[in-house]
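Structural overview
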Amino acid sequence: MHLVTTDPAARACPACGTFATRVKERIVTRPRDLSRGGSAVRIRWHKRRRPCRETACERASFTEQIAQTPARMHITERLRTACGQAVVDGGRTVVQTGRDLGPTWPVVMRATRAFAKQVLPETPPATEAIGIDETRRGRPVWKLDEDSGKWTLEADAWHIGFVDAIGGQGLFGQVEGRNATAVAAWPNAQPTWWSSRIRYVAIDLCATFRSAIRTALPHATVVVDAFLIVQLAQRHLADLRRRLTWKQHGRRARKGDAIYTVRKLLRRNAEDLTPEQHRTLTNELTVMGTYGKQILAGWKTKELLRDVLRLTYKHAHTAPALSAISAARYRFQAHCADHAFLPELTTLAETVDQWWDGIEAYVLTGITNAASEGNNRVIKLDARNAFGFRNRASQRLRSRSATTRRARREGVPD
Ligand SMILES: [Zn+2]
């Protein structure tokens, strides 16, 4: 396709804006464009080089340019936009976009960055609750020290992600590094109007995150994800079960032992057990003797903790009252105190005490870090499609593109 432009603006000198009338020479450029009807279009653009007639202008001559193909661009704007859109909105990989639309990898990557800059807001959209979570970037790299013969950790890169915990607006940003300073850097970089609106921050049981929030978002309440508390209780219960099984038998549990019969029931929630299973659990452990009764006490501890967590509106269908929360907490604490000779339960009670404010905030608000988990799945999927990322900045860009895709399509209300 041979083209010339009739756009009058193409005659204007880019330096002074004077319209040129004469033609100095003719040149042919070959800008890439979108394909038409499935087949590639080869463009030959016959451009004119014109001298600038304004004597005060420094520019001696210039070639024609139009908005679709600015000077020195070998690709049309609409093709550039299509490339960026395919990666950022369409979730296509950079390599595949190049194959589908024509440009080389670096051109598609540049188009992706330009497109992302337009559609991903610099400042995250307003929200009242964010979630913080960490994902490992690639595998840790170990290096053998020849002299000492010891392996040392050379690279162990983590990305800390900040997500919208309640509004479904995806990932707001990511930082590298796991210490409190690195984590606090991101909220510190946001404008005051944005950070002042954050009321809750959902986190894992991670003291680093907690101290980062205290410095960067001192007015916000820390919320601990209940799922992690239950997970912790399950772990302590399993430790207790294993320790006491060894004490009883001097070996691991095996078929025929009472503890072997009920070990799976211990992991279940009280409300999910049939009356029959509940009887089996109690009877078998009672028959086992002292250690069995202690394991049963461990199970009861987990259930008392779950009673606290189940006071949320979502589970109880009524707004949780502070009195009910403290009563449930007291029952849990009293039970742990009665079994203070079991170190696993004492440790659990201590952890719950240390994180009590965050746990209570969870019960009152029902906010979880589930958004982080969901985003991590999307990020991992995106990384697999791309066969991993070499460049960390582009990984962060792609992660943000992937997790905000739905919100951008649906236009989540502010
Ligand atoms: Zn000029």
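Treat the numbers as computed from the prediction; the structure is a model and nothing was measured. (Residues numbered from 1 in each chain as written. Predicted model: local features only at pLDDT ≥ 70, side-chain atom pairs only at ≥ 80, totals over all residues. Heavy atoms only, no water.)

A tally of regular secondary structure across the protein chain gives 16 helices and 11 strands. The globule rule puts the C-alpha radius of gyration for 414 residues at 22 Å, and the 31 Å found for the protein chain is more than 25% above it. Along the three orthogonal principal directions, the C-alpha set of the protein chain runs to about 105 × 50 × 50 Å. Counting every position in the protein chain, which comprises 414 residues, the buried fraction comes to 43%. Here the protein chain holds 67 positive side-chain charges and 40 negative ones, and the gap between their average locations is 8 Å. (Helix = DSSP H or I, 4+ residues; strand = E, 2+ residues; numbered from the N terminus. Rg over C-alpha atoms; globule rule 2.2 N^0.38 Å. Buried < 20%, exposed > 50% of the residue type's maximum accessible area, 1.4 Å probe, protein only. Lys, Arg positive; Asp, Glu negative; His and termini not counted. Charge placed at Lys NZ, Arg CZ, Asp CG, Glu CD.)

Let's shift gears to the coordination of the zinc ion. At the metal site, the zinc ion is ligated by Cys13 (SG), Cys16 (SG), Cys52 (SG) and Cys57 (SG), and these contacts range over 2.3 to 2.4 Å. Angles of 101 to 116 degrees at the metal separate the 4 donor atoms of the zinc ion, which places the site in the tetrahedral class. Written as a sequence motif, the donor residues of the zinc ion are C-x2-C-x35-C-x4-C. Cys57 shares its class with Cys52; the two are buried. (Donors = N, O, S within 2.8 Å, 3.2 Å for Na, K, Ca; no water. Tetrahedral: all angles 85-135°; square planar, octahedral: opposite > 155°, others 65-115°.)

What follows is about the packing of helix H15 (residues 370-385) against helix H16 (residues 392-410). Packing of H15 against H16 leaves a shortest axis separation of 9 Å and a crossing angle of 125 degrees. By the angle between their directions, the pair H15 and H16 is classed as oblique. By crossing handedness, the relation of H15 to H16 is classed as right-handed. Contact residues: Asn375, Val378, Ile379 and Asp382 in H15; Arg398, Ser399, Ala402, Thr403 and Arg405 in H16. Class assignment for the residues of the contact of H15 with H16 results in 3 nonpolar, 3 polar and 3 charged. (Axes fitted to C-alpha atoms, helices over the stretch in contact; angles between N-to-C directions. Parallel < 35°, antiparallel > 145°, perpendicular 65-115°, else oblique. Left-handed = near helix turned anticlockwise from the far one by under 90°. Contact = heavy atoms within 4.5 Å. Nonpolar A, V, L, I, M, F, W, Y, C, P; charged D, E, K, R; others polar.)

Now for the domain arrangement of the protein chain. By domain assignment, the protein chain separates into domain 1 (2-63), domain 2 (77-119), domain 3 (129-225 + 369-410) and domain 4 (226-365). Taking only C-alpha atoms, the centre of domain 1 and the centre of domain 2 are 26 Å apart. At the interface, 4 residues of domain 1 touch 5 residues of domain 2. Sorting the residues of domain 1 by area buried against domain 2 places Arg32, Asp33 and Leu34 first, and these three jointly supply 89% of that buried surface. Counting across the interface, domain 1 meets domain 2 through 1 salt bridge. At the boundary of domain 1 and domain 2, one finds 1 residue pair in polar contact (both at pLDDT 80 or more). (Domains from an automatic or database assignment. Buried area = accessible area lost by both parts, 1.4 Å probe. Salt bridge = Lys/Arg side-chain N within 4 Å of Asp/Glu carboxyl O. Polar contact = N/O pair within 3.5 Å; in protein donor to acceptor, adjacent residues only side chain to side chain.)

Once that is clear, we can look at the nonpolar core. By size, the foremost hydrophobic cluster in this structure holds 49 residues, and its most contacted members are Ile130, Ile132, Phe162, Val201, Ile203 and Phe332. Residue contributions to this core peak at 5 residues, all from helix H14 (residues 356-365). Counting the residues that make up this core, at least three belong to each of domain 3 (129-225 + 369-410) and domain 4 (226-365). Leaving out residues up to four positions away in the same chain, Ile130 has contacts with Phe162, Val163, Ala165, Phe172, Trp194, Ile198, Tyr200, Val201, Ala202 and Leu217. Of all hydrophobic cores here, the second largest spans 17 residues; its members include Leu237, Leu244, Ile295 and Trp299. (Core = buried A, V, L, I, M, F, W, Y, C linked by side-chain atoms within 4.5 Å.)

All right, on to helix H4 (residues 180-189) then. Among the residues of H4, those classed as buried are Ala182, Val183, Ala184, Trp186 and Pro187. Where the residues of H4 are buried, they touch strand S5 (129-136), strand S8 (158-164), strand S9 (171-176), helix H5 (192-195) and helix H6 (207-216).

A word on the side chain of Ser399. Here Ser399 lies in helix H16. Judged by relative accessible area, which is 2%, Ser399 ranks as buried. When residues no more than four places from it in sequence are discounted, the contact partners of Ser399 are Leu171, Gln174 and Ile379.

Time to look at the side chain of Glu303. The topology assignment puts Glu303 in helix H10 (residues 290-309). Of the residues examined, Glu303 reaches a relative accessible area of 7% and is grouped as buried. For Glu303, the side chain forms a polar contact with the side chain of Lys302, separated by 3.4 Å. Setting aside chain neighbours within four positions, we find Glu303 in contact with Arg268, Asn269, Ala270 and Glu271.

Right, let's get into a nonpolar patch on the surface. Taken together, Trp142, Leu144, Trp151 and Leu153 make up a surface patch of nonpolar side chains, about 450 Å² in accessible area. Listed by contribution, the elements that provide at least two residues to the nonpolar patch are strand S6 (141-144) and strand S7 (151-155). Residue placement: Leu153 occurs in strand S7. A residue is classified by how much of its surface remains accessible, and Leu153, at 40% relative accessible area, is partly exposed. (Patch = residues over 30% accessible without salt bridge, like charges linked within 9 Å, V, L, I, M, F, W, Y side chains within 5 Å. Areas by Shrake-Rupley, 256 points an atom, 1.4 Å probe, with all protein chains shown as cover.)

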